[in-house]
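Observations on the three-dimensional arrangement
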Amino acid sequence: MKECGYSEINTRGTSPMESPHIKKKATVRRKWEVFPGRNKFYCDGRVMMARQTGVFYLTLILILVTSGLFFAFDCPYLAVKITPAIPVIGGILVFFVMGTLLRTSFSDPGVLPRATPDEAADLERQIDVANGSTSGGYRPPPRTKEVVINGQTVKLKYCFTCKIFRPPRASHCSLCDNCVERFDHHCPWVGNCVGKRNYRFFYMFILSLSFLTVFIFAFVITHVILRSQQSGFLNALKDSPASVLEAVVCFFSVWSIVGLSGFHTYLISSNQTTNEDIKGSWSSKRGKENYNPYSYGNIFKNCCAALCGPVNPSLIDRRGFVPADMPQAVSPSNGLTMYGSTQSQSNMCDQDQCIQSTKFVLQAAATPLLQNEPSVTSDELPLPGKTSIHAPCTSLALGQPTPPSSMPNLNSESILTDMIPLKEDLGNHQFLTPDEAPSPPGMLPVNSPVTHSHTMHVLNLVSQDSLHEDSVRGLVKLSSV
Amino acid sequence: MRPQAAVAGKVFIQRDYTNGTLCQFQTKFPSELENRIDRQQFEETVRTLNNMYAEAEKLGGPSYLEGCLACFTAYTIFLCMETHYEKVLKKIAKYIQEQNEKMYAPQGLLLTDPIERGLRVIEITIYEDRSLTGR
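Residues numbered from 1 in each chain as written. Chains lettered and ligands numbered in written order. Predicted model: local features only at pLDDT ≥ 70, side-chain atom pairs only at ≥ 80, totals over all residues. Heavy atoms only, no water.

Once that is clear, we can look at the overall build of chain B. Each helix and strand in chain B was counted, giving four helices and three strands. Residues classed as buried in chain B amount to 49% of the 135 residues present. For chain B, restricting intrachain contacts to residue pairs at least 6 apart in sequence, the fraction spanning at least 24 positions comes to 60%. Accessible surface computed for chain B: about 7400 Å², of which carbon and sulfur atoms make up 52%. (Helix = DSSP H or I, 4+ residues; strand = E, 2+ residues; numbered from the N terminus. Buried < 20%, exposed > 50% of the residue type's maximum accessible area, 1.4 Å probe, protein only. Contact = heavy atoms within 4.5 Å. Areas by Shrake-Rupley, 256 points an atom, 1.4 Å probe, with all protein chains shown as cover.)

This brings us to the nonpolar core. Core analysis: the largest hydrophobic core is formed by 36 residues, its most contacted members being Leu33(B), Phe42(B), Ile92(B) and Ile124(B). At the level of secondary structure, the elements contributing two or more residues to this core comprise β1 (7-14), α1 (39-56), α3 (84-104), β2 (109-112) and β3 (121-127) of chain B. Counting residues per element, this core draws most heavily on α3(B), at eight residues. When near neighbours in sequence (up to four residues on either side) are disregarded, Ile124(B) contacts Gly9(B), Lys10(B), Val11(B), Ile13(B), Leu33(B), Phe42(B), Leu109(B), Leu110(B) and Leu111(B). Tyr42(A), Leu60(A), Leu209(A) and Leu267(A) belong to the second-largest nonpolar core, a separate cluster that totals 35 residues. (Core = buried A, V, L, I, M, F, W, Y, C linked by side-chain atoms within 4.5 Å.)

Opposite the 34 residues of chain A that make contact, chain B presents 29 residues. In total, about 2600 Å² of surface goes out of reach between chain A and chain B, with carbon and sulfur atoms giving 65% of it. Taken together, chain A and chain B are joined by two salt bridges. Here Arg120(B) ties to Glu119(A) by a salt bridge, and the two come within 2.7 Å at their closest N and O atoms. Remark: the boundary between chain A and chain B carries four residue pairs in polar contact (both at pLDDT 80 or more). Elements that contribute at least two residues to the side of chain A that touches chain B include exactly α4 (117-131), β4 (144-149), α5 (199-231) and α9 (299-308) of chain A. Residues belonging to the side of chain A that touches chain B are distributed by class as follows: 22 nonpolar, four polar and eight charged. (Buried area = accessible area lost by both parts, 1.4 Å probe. Salt bridge = Lys/Arg side-chain N within 4 Å of Asp/Glu carboxyl O. Polar contact = N/O pair within 3.5 Å; in protein donor to acceptor, adjacent residues only side chain to side chain. Nonpolar A, V, L, I, M, F, W, Y, C, P; charged D, E, K, R; others polar.)

Here we come to α5(A). For α5(A), spanning 33 residues, the distance from its first C-alpha to its last is 47 Å, which sits close to the expected 48 Å at 1.5 Å a residue. Residue Gly232(A) follows α5(A) closely and has a positive phi angle near 90 degrees. (Expected span 1.5 Å × (residues − 1).)

Bringing the pattern of salt bridges into the picture now. Under the definition given, this model contains 18 salt bridges over all chains. Ionic pairing is found between Asp177(A) and Arg114(A), a salt bridge with its closest N-O pair at 3.1 Å. In this pair, Asp177(A) is assigned in the loop between β7 (171-173) and β8 (178-180) and Arg114(A) in the loop between β3 (111-112) and α4, connecting sequence segments 63 residues apart. Here Asp177(A) and Arg114(A) have matching classes, each one buried. Here Lys10(B) and Glu123(B) are joined by a salt bridge, their closest N and O atoms 3.2 Å apart. With a gap of 113 residues between them, Lys10(B) in strand β1 and Glu123(B) in strand β3 connect regions that are remote in the sequence. Note on Lys10(B): relative accessible area 29%, which makes it partly exposed. Members of the salt-bridge network, linked through shared partners, are Asp118(A), Lys10(B), Arg117(B) and Glu123(B).

This paragraph deals with the side chain of Asn178(A). Here Asn178(A) lies in strand β8. Not counting residues up to four positions away in its chain, the partners in contact with Asn178(A) are Phe35(A), Gly37(A), Asn39(A), Val111(A), Arg114(A), Ser171(A), His172(A) and Cys173(A).

Moving on, we come to the environment of Thr21(B). The residue Thr21(B) is located in the loop between β1 and α1 in this model. Contact partners of Thr21(B), with chain neighbours within four places excluded, come to Pro168(A), Arg169(A), Tyr294(A), Arg15(B) and Glu57(B).

All names here are of chain A. Look at Cys43: it is not a glycine, yet its phi comes out positive at around 50 degrees. Relative to the assigned elements, Cys43 resides in the loop between β1 (39-42) and β2 (47-50). By relative accessible area, Cys43 is classed as partly exposed at 32%. At Asp177, a residue that is not glycine, the phi angle is positive and equals roughly 55 degrees. Here Asp177 falls in the buried class, since its relative accessible area comes to 3%.

So, about the UniProt feature "transmembrane region" (unreviewed entry) in chain A. All names here are of chain A. Mapped onto the present numbering, the UniProt feature "transmembrane region" (unreviewed entry) falls at residues 55-73, 85-102, 201-225 and 245-269. The span residues 85-102 carries 100% helix and 0% strand; its end-to-end C-alpha distance comes to 26 Å. Between the first and last C-alpha atoms of residues 201-225 the distance is 36 Å; the span itself is 100% helix and 0% strand. (UniProt positions renumbered as here; feature names shortened; annotations may be inferred.)

In this model, helix α2 (residues 61-72) of chain B (twelve residues) spans 17 Å end to end at C-alpha, consistent with the 16 Å of a helix rising 1.5 Å per residue. Those residues of α2(B) that sit buried are Ser63(B), Tyr64(B), Glu66(B), Gly67(B), Ala70(B) and Cys71(B). An end-on view of α2(B) places all buried positions within 160 degrees of arc, on one side of the element. Among the exposed residues of α2(B), those oriented more than 90 degrees off its buried face are Gly61(B), Pro62(B), Leu65(B) and Phe72(B). Of the surrounding secondary structure, the elements contacted by the buried residues of α2(B) are α5 and α9 of chain A together with α3 of chain B. Backbone geometry just downstream of α2(B) places Ala74(B) in the positive-phi region, at approximately 55 degrees. (Arc of directions from axis to C-beta.)

The two faces of a sheet get side chains in turn, since along a regular strand they alternate between them. All names here are of chain A. Residues of β2 alternate between two faces, with Val47 and Met49 on one and Met48 and Ala50 on the opposite face, all of them buried. The pairing of β1 with β2 spans four bridges and is classified as antiparallel. Bridged to Lys40 within β2 is Met49. Between β1 and β2, which follow one another and run antiparallel, lie four residues, and Cys43 among them has a positive phi close to 50 degrees. (Pairing = 2+ DSSP bridges.)

Residues and elements named next belong to chain A. The three strands lie next to each other as β4-β5-β6, forming an open sheet whose pairing is antiparallel. With one partner strand each, in any of the chains shown, β4 and β6 (164-165) form the two edges of the open sheet. Pairing geometry for β4 and strand β5 (residues 152-159), over six bridges, is antiparallel. Bridge pairing in β5 links Val147 to Val154.

A few words now on the packing of aromatic side chains. Residue and element names in this part refer to chain A. This model, assessed by the stated rule, comprises 15 aromatic pairs over all chains. Ring geometry for Phe251 and Trp255: centres 5.9 Å apart, planes at 90 degrees, overall edge-to-face. Placement of both Phe251 and Trp255 in helix α7 (residues 242-269) is noted, with a separation of four residues, approximately one turn of the helix. Aromatic rings pair up to connect Phe70, Phe71, Phe215 and Phe219 into one cluster. Sitting over the ring of Tyr158, Arg143 keeps its end group 4.6 Å from the ring centre. (Phe/Tyr/Trp six-rings, centres within 6.5 Å; stacked < 30°, edge-to-face > 60°. Lys NZ or Arg CZ within 6 Å of the ring centre and 35° of its normal.)

Next comes the structure, spelled out in structure tokens:
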């Protein structure tokens, strides 16, 4: 299976306006290529998995190797001695297990697509009106909406990454960085989240796997017993060494798999998710009035709803084409979580914001200086420690005041940060001038006289309140990127 | 329809979760549409959409049958036929297009199919209506 290959977009130089011919080349893209979550796609978007798939391959190997050994070493003997139905039933079980496993692993669990920028803006406006707060730039307290479902009050949480209010029973998977409907859990064994759309496959996988492990375990034991009756126990083990391995694997698997099947049977019959059960959302321990509002009342209907209910189509339309005028998906507030093919795009988003905020800060600082030194522009003051602007922007979040004596902080931002406490005690802080401190990489020596004078000028501006406000705002913006 | 018309704003009809996780939209009339469309017509549209989504997700004989049949064929049957849900989604798309042509476009509005927004919202785009400015 080929992995999706993506090439980083060159953010330097050419802008979309400058070179229309480049736009023509990179035209037809499918939506999976610009998907903002941390998923891997194969077969041109038909297959969707989580990022970490190592354990999934382990599951595959365990099942295939154990079954293979069973068919190779135990079945010939058992087919002859007892009945040929044994390998047939075994074959059907293995086929069913593999089918449901692949179906669980490869399908969309019910990912909710992220809000478009217009939607997000509209929601933010509504929330601001509700909260009465107007200041932006920092993260406001968690937003919740309460809704009454079947007599129970349910809190809907706002997802900062996806910029939506999560529907009831949905949850955000931090591993896949997606909101998933009816989120059960993220299963590393199947390499995917288990949610609304693939829960029935997951359940049938663990159910059939429990039957398979019990089946193999039972018949391996039978095989060894029959052989030992003929030629003694030790000889039996020598004749069929694979049986030992199979027995060990099955013995340890049986407890966990059968236990898990039992647990999920309970969850299905009470129409709960693993998430809800672990949190005790509908537990009677929370209160006498606490009950599950999603349960249909009887076990049979709950089971039917979970296993035979209607299948929703995927909401993310992986194989659709990206329209040319589609607005860019809302980039997550935590830039560190961006992976996959949208890394370059989100980097551009974050970088644009970053560049804007930095320019704002530097302009605010440099405005009085422009009268004296017209050469001071934001381009001439390279951000220290970074030779290029393409580094992830979260490393530039310097919202907190840092001691001036630490070397990496010798830059325009920290000087301004120190301005805030400087207002009170100007004398206590000691600045390392560029001459004293070893210059960090990327800081050209030619600029040091400029920064030196910049430092001196900046110190003189401590008393200017409006500049102070501007730079604080700029810094706050920077830290929010 | 109106390629040259400027977008004056967008209204988002949010989901209504009072009946659980079923796909239902709020029938509350947004204030931005006061001058554009009749309240009754709007509520009728949203109510019809809600009914259609409820039909798609309905649990009953036919859906169980479809589920069981699919299970026995290892879900390969969906390579040949559409699920009930997909059929209803097509009906919904046609209905929305019809509503747009008959009622909303003449008033300078455009309904976006909720499936294109992940069934989160019904997006109504409000276009600048130059004919109204003459009054």
